[in-house]
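In case you want the letters, here they are:
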Amino acid sequence: MIEIIENGGFEKQLSSWSQPTPNPNPWTIELSNPHTGSSSAFNPATDSALAATTLFQSFVAVPVEEIKSAGFWYFHHGGSGTVGLATLLTFSDGTAVQDTLFADDPSYKGDQWTFRNWMPTLIANPGKKLISVGFFPALQTRQYIDDVSITKRSFVDRFYRELAWAWLIIIGGLMITPGGIECIACGFVLTKILGVISVVIGITGFVRDRIQTVVGR
Ligand SMILES: [Ca+2]
């Protein structure tokens, strides 16, 4: 796994993060309420919300299909207004999608650190490449964010996992094939049973990996 986001835990102040100029809702580093480590990013919602993100990070384009996990932790004080949480995911083709969590959604929580998973929004945009994530200020609500993370499956991860499943299928297949691998200690019937089990495990593992890649779990 490869982490795409730099300084997602805000332990190095706001380095690697950008804010627009001017920014009516500037973000600062807070030491009083970290999710992990010693700091989080804080937005006091001092001015009316901009129709643009006020904190964002850009990175080398990563295909949605290669993303293993994506999300962040938020802590909102109170919770007035209809939109609890809004972020912007920008793609390399110039399009962008808002990931919005409404305040009346059962998964929206106030006054406690809560994880927001970006994966459902990302997998709804197959074939695109993510290049930036950004945060809108919460409406009339002070908010903290911490542990912003996007992980990508490394080539080695994917290669060895698929090789392992393929190996099981090949060996299992040879055990089933007449004149193939014969486990003399096991006997004919047990060799065939072990062969079938190997092939089934190999195929099931391969398919499950594919589904998990798409769903992002
Ligand atoms: Ca932190």
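Residues numbered from 1 in each chain as written. Predicted model: local features only at pLDDT ≥ 70, side-chain atom pairs only at ≥ 80, totals over all residues.

A. Representation of the domain arrangement of the protein in the model. Along its sequence, the protein is carved into domain 1 (2-152) and domain 2 (155-215). Put simply, the middle of domain 1 and the middle of domain 2, counted by C-alpha atoms, are 42 Å apart. (Domains from an automatic or database assignment.)

B. Unusual backbone geometry, seen in detail. Between T21 and the following residue, P22, the backbone shows a cis peptide bond with an omega angle of -5 degrees. In this fold, P22 is placed in the loop between β1 (2-3) and β2 (28-30). At F10, a residue that is not glycine, the phi angle is positive and equals roughly 55 degrees. Within the fold, F10 resides in the loop between β1 and β2. Phi at D147 is positive, roughly 50 degrees, even though this residue is not glycine. Of note, D147 is situated in strand β10 (residues 143-152). (Helix = DSSP H or I, 4+ residues; strand = E, 2+ residues; numbered from the N terminus.)

C. Geometry of helix α2 (residues 155-176). Under the 1.5 Å per step criterion, the end-to-end length of α2 is 32 Å for 22 residues, consistent within 8% with the ideal 32 Å. Where α2 is concerned, the buried positions are W165, L168, G172 and M175. When α2 is viewed along its axis, its buried side chains cluster within an angular range of 90 degrees and face the same direction. Along α2, exposed side chains directed more than 90 degrees from the buried face belong to F155, V156, F159, L163 and W167. (Expected span 1.5 Å × (residues − 1). Buried ≥ 20, exposed ≤ 12 C-beta atoms within 10 Å, placed from the backbone. Arc of directions from axis to C-beta.)

D. Focus on the pairing of strand β6 (residues 83-91). Here seven bridges tie β6 to strand β7 (residues 96-102), and the two strands are oriented antiparallel to one another. Opposite L89, over in β7, you have V97 as the bridge partner. Counting the residues in the hairpin turn of β6 and β7 gives four residues, including G94, whose phi is positive at 90 degrees. Bridging between β6 and strand β9 (residues 129-135) involves five bridges; their strand directions are antiparallel. The residue of β9 that forms the bridge with T90 is S132. (Pairing = 2+ DSSP bridges.)

E. Region of the structure containing the nonpolar core. Residues A41, L55, F72, Y74, Y144 and I145 are the most contacted members of the largest nonpolar core, which totals 16 residues. Of the residues forming this core, the biggest block, four residues, is contributed by strand β5 (residues 67-76). Residues in contact with A41, not counting those within four places in the same chain, are F10, L14, W27, I29, L55, Y144 and I145. Within the second largest apolar cluster, 10 residues are counted, among which are V64, I67, L122 and I150. (Core = buried A, V, L, I, M, F, W, Y, C linked by C-beta atoms within 7 Å. Contact = placed C-beta atoms within 7 Å.)

F. Structural view of the environment of I150. Tracing the backbone shows I150 in strand β10. Distance from I150 to T95, taken between C-alpha atoms, is 19 Å for residues 55 residues apart in sequence. Setting aside residues no more than four positions away along its own chain, I150 makes contact with I4, I5, I67 and A70.

G. Summary view of the pairing of strand β3 (residues 40-43). Side chains S40 and F42 of β3 all project onto a buried face; the interleaved residues A41 and N43 project onto the opposite face, where all are buried too. Strand direction decides the pairing type here: β2 and β3, joined by three bridges, are antiparallel. Bridging from a neighbouring strand, E30 pairs with S40 of β3. Pairing geometry for β3 and β10, over three bridges, is antiparallel. Of the residues in β10, the one forming a bridge with N43 is Q143.

H. Up close: the sheet that holds strand β4 (residues 55-63). The four strands are arranged β4-β9-β6-β7 in an open sheet whose pairing can be described as antiparallel. Among the strands making up the open sheet, the edge pair consists of β4 and β7. On average, each strand axis in the sheet is tilted by 20 degrees relative to the strand beside it, whichever way the strands run. Sheet topology note: the β4/β9 ladder contains six bridges and is antiparallel. If you follow V62 over to β9, its bridge partner there is L130. (Axes fitted to C-alpha atoms, helices over the stretch in contact; angles between N-to-C directions.)

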